[in-house]
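Spelled out from the first residue to the last, the chains are:
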Amino acid sequence: MKSSRHLIVALALALVLAVLGTTPPRPAPADAPPEEFSAGRAMADIERIARAPHPSGSAEHAALRGYLMQRLGELGLTVRTQEGQFPAEARAELDRRGGKAAARVPLTNVLGLLRGTDPNLPALALMAHYDSVPGSPAAADDGAGVASILETLRALSLDRQRKRDVLVILTDGEESGLLGARMFFAQAAEARRIGAIVNLETRGGGGKANLFQTSARNGEVARLWAQTAPHPAGTSLATFIYSVLPNDTDLTVALPHGYSAWNFAFIGRPGLYHSPLATAANLDRGSLQQMGEQTLGLAQALTQATDLPSRAPDLVFFDVFGLFAVHYAPSWGWAMLAVALVGYGLLASRRPDPAEMLRGAGRMLALVVLTGALLWALNMVSGADGPVNYYDRLAAIPRLQGIALCVSMAMTVFLLGRRPASVSGEVGLVLPVWLAAAAFQAFAPSAAYVLTLPLLLGGAAALVRGLVPRREPRVLLVIVAALITGYALLLGYSLLQAVGPALPMVCVLSLLMAVPVLVPLRAPMPVGVVRGTAGLLLIAAFGLALWVRWDAPAASIATYEQVRSLGEKG
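Cut-offs and rules
Residues numbered from 1 in each chain as written. Predicted model: local features only at pLDDT ≥ 70, side-chain atom pairs only at ≥ 80, totals over all residues. Heavy atoms only, no water. Helix = DSSP H or I, 4+ residues; strand = E, 2+ residues; numbered from the N terminus. 1 Å grid on protein atoms, 1.4 Å probe; cavity = no way out; pocket = protein on both sides within 12 Å on 5 of 7 lines; lining within 4 Å. Points joined across faces, edges and corners; volume = space filled by probe spheres on them. Core = buried A, V, L, I, M, F, W, Y, C linked by side-chain atoms within 4.5 Å. Buried < 20%, exposed > 50% of the residue type's maximum accessible area, 1.4 Å probe, protein only. Contact = heavy atoms within 4.5 Å. Expected span 1.5 Å × (residues − 1). Phe/Tyr/Trp six-rings, centres within 6.5 Å; stacked < 30°, edge-to-face > 60°. Lys NZ or Arg CZ within 6 Å of the ring centre and 35° of its normal. pLDDT = per-residue confidence, 0-100. Pairing = 2+ DSSP bridges. Axes fitted to C-alpha atoms, helices over the stretch in contact; angles between N-to-C directions. Right-handed = clockwise from strand over helix to strand, strands pointing away. Parallel < 35°, antiparallel > 145°, perpendicular 65-115°, else oblique. Left-handed = near helix turned anticlockwise from the far one by under 90°. Salt bridge = Lys/Arg side-chain N within 4 Å of Asp/Glu carboxyl O.

A.B. asks: Break down unusual backbone geometry for me, citing the residues and quoting the values.
C.D. replies: Cis geometry marks the peptide bond from D141 to D142; its omega dihedral reads 10°. Residue placement: D142 occurs in the loop between β3 (123-129) and α5 (143-156). Not every positive phi belongs to a glycine, and A138 is a case in point at roughly 60°. Summarising the element assignment, A138 is placed in the loop between β3 and α5. Even without a glycine there, the phi angle at R217 is positive, about 50°.

Below, the structure is given as structure tokens:
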């Protein structure tokens, strides 16, 4: 009789990999080697930046500007400001958020130049914004970006042989509509000197600092990042998703100018976004470390290079649990699909049963549809059926992730706990996944790896099973299942952090990845266990949804939204 001990081992290993892949690196202490990035050193700037809220036009904002200009001067940069004014509409919104009525609000960018040995080369720009929303100390958004740049500059200044100038752009008015960036790229003479740009942002207070956006035709841009990041975090799936979302950062204004570009951000601890609790003490120092060391790695490579990355065909790229980065041409996805087709086809030919194969395909489709429908329904139960406070929903993301996990497990157990019980049925599960991957590969090849790569690994294992029919390669199946399921858990966790409050259904992508490689390891469960387990998981999901709906507004809600949220919830 088949035992599920191999399934348990695979799931345990997958959980370890998922935790590894979602955990930032350990922050370097203040006494780390001087040529390295140190979150411990950068925290001194965070403490100063986040001592109080500093919205544009405030006295604290002006005091912070003076501090930043002093710090840049101490690091050997030539410093100047670029002056402008908030337009009336942006000023009115800033006044509404801050509860004030200012006659005018100055718009002031801080610009610094660290000279290299060859001023004729296009400059590298490092960009972050130094304004906060009213009521938030903004240790992360964007204190982490500003402090990362200062620590990067400190390390760069030690290299007397760097060729390329480094331009620092600390923008004002980002929280009011990218105003400082718009002013800089429209008016500043320095904008014409830039050849490459790194922008730093956050939406939260921790988590992995991901490369989530690049310039167009990013082949060389992605390759350089993969080669220089000590603890890489980023995927071409994220860059694809971000390209179709209506979100903007300061880099949005820069990209039309054709620079080679990288955009980094972390979005963990989502409740801290624009929050009064976004203090230095609540900032994840590992996130700061990962943001800064990726920035420094790129900056060192770019300032020492004679040539900047040029436009090249897009690459598929992703980090492997934060250990290293992989990149390859998107066309390889078709070869992966071919291997999967051969491997699963050979496995099915052992005991062909077309009817059972169709039933397996039906079960997979039912799993996707029912899971997605239940997640949508429970999202409505959790409060998404009426007016919602954006920041309160961000604070609820950990519970929304719990709902998604419970529902996904419940439907998997209910539909696949007993069947399919044949090889043909297992192959049938793969058919909808293969078709989805082929469509993904055709229309979004740089993002399709999330399905084509699992199909490649699963297809290779299926090929071995087909060639050696009398001896199941259990160790191989466990390794493949652990790798794919670990990445599926990581991906689901990350996607729900990004879009979970509005689209929890995205986690069905993780089911498409993991289910085909987990089912061959499980022993069929008694019908009572199947129903009981699925029922308990759904009850837990329903309970979490009611908790989110009936819970009081989160203490982390942005100050300017707290009064409104009290009237909408509780």
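Still more to cover.
A.B. asks: Can you explain the layout of surface pockets? Please cite residues and give values.
C.D. replies: Here the second largest pocket defines a volume of roughly 1100 Å³. L11, L405, M409, L489 and L518 are, among the 36 residues lining the second largest pocket, the residues nearest its centre. At the level of secondary structure, the elements contributing two or more residues to the lining of the second largest pocket comprise α1 (5-22), α14 (397-416), α17 (474-499), α18 (508-518) and α19 (527-550). Examining the composition of the lining of the second largest pocket, we find that eight residues originate from one element, α14, more than from any other.

A.B. asks: Go over the nonpolar core, please, and point to the residues and values.
C.D. replies: By size, the foremost hydrophobic cluster in this structure holds 76 residues, and its most contacted members are I403, V450 and L451. Ranked by the residues each element gives to this core, the list is headed by α17, at 11 residues. L451 has contacts with V433, A436, A437, F440, L509, L512 and M513, leaving out every residue within four places of it along the chain. Of all hydrophobic cores here, the second largest spans 57 residues; its members include A139, A144, F317 and A325.

A.B. asks: Can you break down α19 residue by residue, with the values?
C.D. replies: Between its first and last C-alpha atoms α19 spans 35 Å; for 24 residues at 1.5 Å apiece the expected length is 34 Å, and the two agree. Within α19 the residues assigned to the buried category are V530, A534, L537, A541, L544, A545, L546 and V548.

A.B. asks: Outline the packing of aromatic side chains, listing residues and values.
C.D. replies: Any aromatic ring pair is given by two values, namely how distant the centres are and how the planes are angled relative to each other. All chains considered together, the criterion is met by 13 aromatic pairs. Where Y273 meets Y390, the ring centres are 6.3 Å apart and the plane angle is 85°; that geometry is what we call edge-to-face. Of this pair, Y273 sits in the loop between β7 (260-268) and α10 (285-304) while Y390 sits in helix α13 (residues 390-395), placing them 117 residues apart in sequence. Y273 gets classed as buried once you look at its relative accessible area, which sits at 16%. Ring geometry for Y391 versus Y560: centroids 6.1 Å apart, planes at 90°, classification edge-to-face. One end of the pair, Y391, is in helix α13; the other, Y560, is in helix α20 (residues 559-566), and 169 residues separate them in sequence. Across the pair, exposure class does not vary: Y391 and Y560 are buried alike. Here the aromatic residues Y273, Y390, Y391 and Y560 are joined through ring pairs into a cluster of three or more. Sitting above the plane of the Y67 ring, R48 keeps its charged end 5.3 Å from the centroid.

A.B. asks: Give me the lowdown on the environment of A90, citing residues and values where you can.
C.D. replies: Within the secondary structure layout, A90 lies in helix α4 (residues 88-98). Along the chain, A90 and G173 lie 83 residues apart, while their C-alpha atoms are 8.9 Å from each other. Beyond its immediate sequence surroundings of up to four residues, A90 is in contact with S176 and L179.

A.B. asks: Hey, could you go over the confidence of the model for the protein for me, with residue numbers and the actual values?
C.D. replies: The predicted model of the protein has a mean per-residue pLDDT of 95, with 98% of residues at 70 or higher. Of the regions scoring below 50 in pLDDT, residues 565-570 engages in 13 contacts with residues more than four places distant in sequence or in other chains.

A.B. asks: I'd like a rundown of the sheet that holds strand β5 (residues 194-202), residues and numbers included.
C.D. replies: One open sheet holds the seven strands; their spatial order is β1-β2-β4-β3-β5-β7-β6, and the pairing between them is mixed. Bordering the open sheet on either side are β1 (78-85) and β6 (206-214), each of which pairs with just one other strand. Each adjacent strand pair in this sheet contributes to an overall mean axis angle of 20°, direction not counted. Bridge analysis of β5 against β7 gives seven bridges, and the strand direction is parallel. Residue pairing in the sheet places T202 in a bridge with F266 of β7.

A.B. asks: Please set out empty space enclosed by the protein residue by residue, giving values where relevant.
C.D. replies: The full count for this structure, using the stated rule, is four cavities of 30 Å³ or more. What the largest cavity holds in volume is close to 100 Å³. Along the walls of the largest cavity sit Y344, L347, E426, G458, A461, A462, R465, L477, V480, P516, V517 and P520, which together make up its complete lining. Where the lining of the largest cavity is concerned, the elements lending two or more residues are α11 (332-348), α16 (449-467), α17 and α18.

A.B. asks: Tell me about the pairing of strand β4 (residues 166-171), and please be specific about residues and values.
C.D. replies: Of all six residues in β4, six are buried, a share of seventy percent or more. Side chains of β4 alternate between two faces, with V166, V168 and L170 and L167, I169 and T171 buried alike. Pairing of strand β2 (residues 106-114) with β4, which is carried by five bridges, proceeds in the antiparallel orientation. Note that in β4 the partner of L114 across the bridge is V166. The pairing of β3 with β4 spans six bridges and is classified as parallel. Along β4, the bridge assignment pairs L126 with V168. For the crossover that starts at β3, traverses α5 and ends in the parallel β4, the hand is right-handed.

A.B. asks: Describe in detail the packing of α14 against α17, supporting the description with residues and values.
C.D. replies: With their axes 10 Å apart at the nearest point, α14 and α17 run at an angle of 135° to one another. The orientation of α14 relative to α17 falls into the category oblique. Seen along the crossing, α14 lies across α17 with a hand that is right-handed. Across the interface between the two elements, I397, Q401 and A404 from α14 touch Y493, L496 and Q497 from α17.

A.B. asks: If you had to explain the pattern of salt bridges to someone new, which residues and values would you point to?
C.D. replies: Scanning all chains against the criterion turns up 18 salt bridges. Across the pair D165 and R115 runs a salt bridge whose closest N-O atoms are separated by 4.0 Å. Here the residue D165 occupies a position in the loop between α5 and β4, and R115 occupies one in the loop between β2 and β3, the gap between them amounting to 50 residues. Relative accessible area serves as the criterion here: at 0%, D165 is assigned to the buried category. Residue R549 is joined to D385 by a salt bridge in which the shortest nitrogen-to-oxygen separation is 2.9 Å.

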